[in-house]
Amino acid sequence: MNPEARVAQQTLAPTAPRAHGMSDLAIRNLFIIPTIVFLIVFNIFPLIYSLGYSFTDFRASSNDPAHFVGLDNYRTLLSDPNIWSNFTITAKYVIISVTGQVIVGFGVAMLLNRNIPFKGLLTTLLLLPMMLSAAVVGLFWKLLYDPSFGIINYAFGLGTFEWLADPKMALYAIAIADIWMWSPFVMLLSLAGLSAVPKHLYEAAAIDRASGLYVFFRITLPLVAPILMIAVIFRTMEAFKTFDLAYILASQPTTEVISIRLYKMAFQEWQTGLSCAFAYIVLVMVLAITNIYVKYLNKVKER
Amino acid sequence: MAHIELKGVSKSFAGVPAIRDIDLDIADGEFFVLLGETGAGKTTTLRMIAGLEKPTTGRVWIDGQDVTDWGAAARDVALVLQQYSLYPRYTVRQNLEFPLRSPIRPIAEAEIATRIAKVAATLRIEHLLDRKTDRLSGGEMQRVSIGRAIVRTPKVFLMDEPLSALDAKLREALRGELKSLQMDLGETFLFVTHDQVEAMSMGDRVGVLNKGALVQVGSPQEIYGNPVNTFVARAVGTPAMNLLTGVWAGGRAELGAMVFDHPGGQGAAGRGLVFGVRPEDLVLGGDGVEAVVTDIENHGVEKIISLSAGGQALRATVPVTVKFLRGDTVPVGWQAARVVVFDAKSGQSLRHGG
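Residues numbered from 1 in each chain as written. Chains lettered and ligands numbered in written order. Predicted model: local features only at pLDDT ≥ 70, side-chain atom pairs only at ≥ 80, totals over all residues. Heavy atoms only, no water.

Moving on, we get to the interface of chain A and chain B. Taken together, the 22 residues of chain A in the interface contact 28 residues of chain B. Together chain A and chain B conceal approximately 2200 Å² of surface at their shared face, both sides included; 56% is due to carbon and sulfur atoms. Along the contact surface separating chain A from chain B lie three salt bridges. Residue Arg47 of chain B pairs with Glu203 of chain A through a salt bridge whose shortest N-O separation is 2.6 Å. At the boundary of chain A and chain B, one finds seven residue pairs in polar contact (both at pLDDT 80 or more). Residue assignment for the side of chain A that touches chain B shows that the elements contributing at least two residues are α9 (199–207), α10 (212–240) and α13 (272–302) of chain A. (Contact = heavy atoms within 4.5 Å. Buried area = accessible area lost by both parts, 1.4 Å probe. Salt bridge = Lys/Arg side-chain N within 4 Å of Asp/Glu carboxyl O. Polar contact = N/O pair within 3.5 Å; in protein donor to acceptor, adjacent residues only side chain to side chain. Helix = DSSP H or I, 4+ residues; strand = E, 2+ residues; numbered from the N terminus.)

Residues and elements named next belong to chain B. According to the domain assignment, chain B contains domain 1 (4–225) and domain 2 (242–352). In this complex, domain 1 contributes four residues to the contact, which on the side of domain 2 involves five residues. Regarding the contact of domain 1 and domain 2, the summed buried area is about 310 Å², with carbon and sulfur atoms giving 29% of it. When the buried surface of domain 1 facing domain 2 is broken down by residue, Gln216, Tyr224 and Gly225 rank first, second and third, together holding 96% of it. Summed over the shared surface of domain 1 and domain 2, the number is zero salt bridges. (Domains from an automatic or database assignment.)

Inspection of the secondary structure puts Lys241 of chain A in the loop between α10 and α11 (244–249). Taking the C-alpha atoms as reference, Lys241 of chain A lies 9.5 Å from Leu283 of chain A; in sequence the two are 42 residues apart.

So, about the nonpolar core. Counting residues in hydrophobic clusters, the biggest one holds 67 residues, and the most contacted among them are Leu77, Tyr145, Ile219, Leu249 and Phe278 of chain A together with Tyr87 of chain B. A total of 13 residues in this core trace back to one element, the largest contributor, which is helix α8 (residues 169–195) of chain A. Setting aside chain neighbours within four positions, we find Leu77 of chain A in contact with Ile83, Trp84, Met265, Leu274, Ala277, Phe278 and Ile281 of chain A. In this structure, Val80, Ala120, Ile146 and Met202 of chain B belong to the second largest nonpolar core, which totals 42 residues. (Core = buried A, V, L, I, M, F, W, Y, C linked by side-chain atoms within 4.5 Å. Buried < 20%, exposed > 50% of the residue type's maximum accessible area, 1.4 Å probe, protein only.)

Once that is clear, we can look at the pairing of strand β4 (residues 57–62) of chain B. Residue and element names in this part refer to chain B. Two strands pair when backbone bridges link them, and strand β1 (residues 4–13) and β4 are joined in this way by five bridges, in the antiparallel orientation. Bridging across to β4, Lys7 finds its partner in Arg59. Note that β4 and strand β5 (residues 65–66) share two bridges and pair antiparallel. If you follow Trp61 over to β5, its bridge partner there is Asp66. If you look at the hairpin formed by β4 and β5, you'll find two residues sitting between the two strands, and Asp63 has a positive phi there, around 55 degrees. (Pairing = 2+ DSSP bridges.)

Next up on the list: α9 of chain A. Looking at α9 of chain A, one finds that the buried residues are His200, Leu201, Glu203, Ala204, Ala205 and Ile207 of chain A. Buried residues along α9 of chain A sit against α10 of chain A together with α1 (42–50), α2 (72–75), β6 (77–80) and α5 (138–150) of chain B. Looking one or two residues past α9 of chain A, Arg209 of chain A carries a phi angle of roughly 60 degrees, positive in sign.

A word on the environment of Lys119 of chain A. Note on placement: Lys119 of chain A falls in helix α5 (residues 119–131). Non-local contacts of Lys119 of chain A, meaning those with residues more than four positions away in its chain, are made with Leu112, Asn113 and Arg114 of chain A.

The subject of this paragraph is unusual backbone geometry. In this structure, Pro239 of chain B follows Thr238 of chain B across a cis peptide bond, with omega equal to -10 degrees. Within the secondary structure, Pro239 of chain B is located in the loop between α9 (230–235) and β11 (242–249). Positive phi values are uncommon outside glycine, yet Phe118 of chain A reaches one of about 60 degrees. Looking at the secondary structure, you find Phe118 of chain A in the loop between α4 (81–112) and α5. Positioned with a positive phi, Ala14 of chain B is a non-glycine residue whose angle comes to about 50 degrees. For Ala14 of chain B, the position within the fold is in the loop between β1 and β2 (16–26).

A word on the pairing of strand β13 (residues 258–261) of chain B. All names here are of chain B. Side-chain alternation along β13 places Met258 and Phe260 on a buried face and Val259 and Asp261 on a face that remains uncovered. Two elements, strand β12 (residues 252–255) and β13, share four bridges in a ladder whose sense is antiparallel. Following the sheet pairing, Arg252 is matched in β13 by Asp261.

Enumeration over the complete set of coordinates arrives at 28 aromatic pairs over all chains. Between Phe55 of chain A and Phe68 of chain A, the ring centres sit 6.5 Å apart and the planes meet at 40 degrees, which makes this aromatic pair tilted. Note that Phe55 of chain A is positioned in the loop between α2 (24–53) and α3 (72–78) and Phe68 of chain A in the loop between α2 and α3, a separation of 13 residues in sequence. Residue class for Phe68 of chain A comes out exposed when judged on its relative accessible area of 66%. Each ring, one from Phe216 of chain A and one from Phe217 of chain A, has its centre 5.1 Å from the other, and the planes form 85 degrees; the classification is edge-to-face. Grouping aromatic residues by their ring pairs yields a cluster made of Trp141, Tyr145, Phe161, Trp163 and Trp180 of chain A. Between Arg218 of chain A and the ring centre of Tyr90 of chain B, over which it is positioned, the NZ or CZ distance is 4.6 Å. (Phe/Tyr/Trp six-rings, centres within 6.5 Å; stacked < 30°, edge-to-face > 60°. Lys NZ or Arg CZ within 6 Å of the ring centre and 35° of its normal.)

Residue and element names in this part refer to chain B. By the definition in use, this model includes 27 salt bridges over all chains. Across the pair Glu109 and Arg101 runs a salt bridge whose closest N-O atoms are separated by 2.7 Å. On the accessibility criterion, Arg101 (27% relative accessible area) is partly exposed. With its nearest N and O atoms 2.8 Å apart, the salt bridge here joins Glu177 to Arg124. Of this pair, Glu177 sits in helix α6 (residues 168–185) while Arg124 sits in the loop between α4 (109–123) and α5, and the two are 53 residues apart along the sequence.

Two modes of strand pairing occur in sheets, parallel and antiparallel, and in both the strands are linked by backbone hydrogen bonds. All names here are of chain B. If you walk across this open sheet you meet the six strands as β6-β7-β8-β3-β9-β10, and the pairing is mixed. Where the open sheet ends on each side, the last strands, each with one partner, are β6 and β10 (213–218). When the angles between neighbouring strand axes are averaged without regard to direction, this sheet yields 20 degrees. With five bridges connecting them, strand β3 (residues 31–36) and strand β8 (residues 188–193) associate as parallel partners. Pairing of Leu34 across the sheet is with Val192, part of β8. Contacts between α6 and the sheet are confined to β3, β7 (156–160) and β8, with β8 contributing the most and set at about 160 degrees to the helix. (Axes fitted to C-alpha atoms, helices over the stretch in contact; angles between N-to-C directions.)

This paragraph deals with α4 of chain B. All names here are of chain B. Along its 15 residues, α4 runs 21 Å from first to last C-alpha, staying within 8% of the 21 Å computed at 1.5 Å per residue. On its buried face, α4 sits against α3 (92–97) and α5. Of the residues flanking the end of α4, it is Arg124, one or two places downstream, whose phi is positive at about 55 degrees. (Expected span 1.5 Å × (residues − 1).)

As structure tokens, this is what we get:
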């Protein structure tokens, strides 16, 4: 072996694969590849495949081959007033539910953010609704809302008030259940934000003779706003896609949010091509809303 | 402007005493410095005067009024903290406006603008007014923080180690600025620090705290020249006072193998004593005890000479022009009149009844 080659071999030696065990790269791949495969098979592939279907008249229930129909599906959907009513219902639901969650969640966080006995236990207990399955929550609330033996009517003395059978009330009833379930999430994030506000700022404000409201709007809220925005983004996205609670609790035309309409279109009416197009419209909308929020979040952070 | 009095104030946290029975009287327009180590209770004392803590026992008086049960807002004090406590996401101007925009006492817009302009000029932060506070350096932040205190013209200024997070040069500059600011305003300042140089250079009077008790109150000269006990003697002065154990017998101080003349020496013979002598009160050359030079530190204007005599270590300061070499043998004497004698057991100065 000539001297140069020997030098080359020596300098290469440390990076050569080890005789035993796997290299860091191999371990990394081992962890990442299954997830990537899973994502491709169950998310990316159907996503792209359904984009293809959205331009056809394909029906999964029939043996007819799919025919390319161009933008017909999109045209049909966007000019259908019923679909727009589904969107209006969803928007209403999102606004009620997210606003309610922010008010309740942030309010409870403000109450918890002080020295009280059993604070840890109390916080954990308050988080319980969030950890339940939505289907279970739906069944609970169906019983709670029951006109004849439901505890809500009993507790508030409402007689046989129809929560879920009343077309006007049903959407509010679903939103209330959702607020009950997801306010803890907003509370948790708010609590993290609140406890990150330095205590000495409040002391400085007390010395500066600021009123409680003034301190809230000029110190607490600006400092918690970014994390609260994140909670709002998550909850808006989730509420926009809401299915299980609405499906279990009520089947009124007034509670037919887009996910339910989509489900019916795809799996009851078997209009596979059309429902794919619908799903894409919803996707674009969620992305658009999220983008607006993120832009706003960055603005809040910069201030 | 205000006169602050603490009357028999004690404070304990969950049963642990932090402040033990403090009596303190701070005159109107005085620059008073509380000096103490971490955990001595300086900050707690300050917070009790600010109204952020309530004393367990005792009363706090400001301007002839018992304010013990008043909240911080009602006391009309200003507080400057080590962490600056600037309101984030606001500009310097908004921070300075904050105390003026309190709905409790509304102030006209024009008045607000005038006051901010004046404060900004005083602290030389005019060019920073429209900058966000997170774009400021430490010194600038502390200036804004001081500005927020003075913009309101409160009765009392409370400062909790406001300079300790700054680097040495800036600290020195702001020290001078704060002192002259206080003289210009003529207001009462209570300044808390663990830095004896800050205490000695800024305070009209200094209070030394040890483990929650006020050990000595006096002018910096009194504290330095006539410490009430060995704790204060150690706490003040760089290099520290030489504390030498020994006895007094017939006009002489016998410190182990060293013997110094100590004619006027108070105190009984045969009693265990500690003789405290400042490094500048040691006289090198002439008559005296033979000592060996073990180390020389050159500090520019003066030199610190470490000496060993009779098994005891001594530190002396001499002008930088005096030349010594390590290993030299020098005779050491002292200025007997300046020596402070402490009781060895209690540590109390005999002049203060120890």
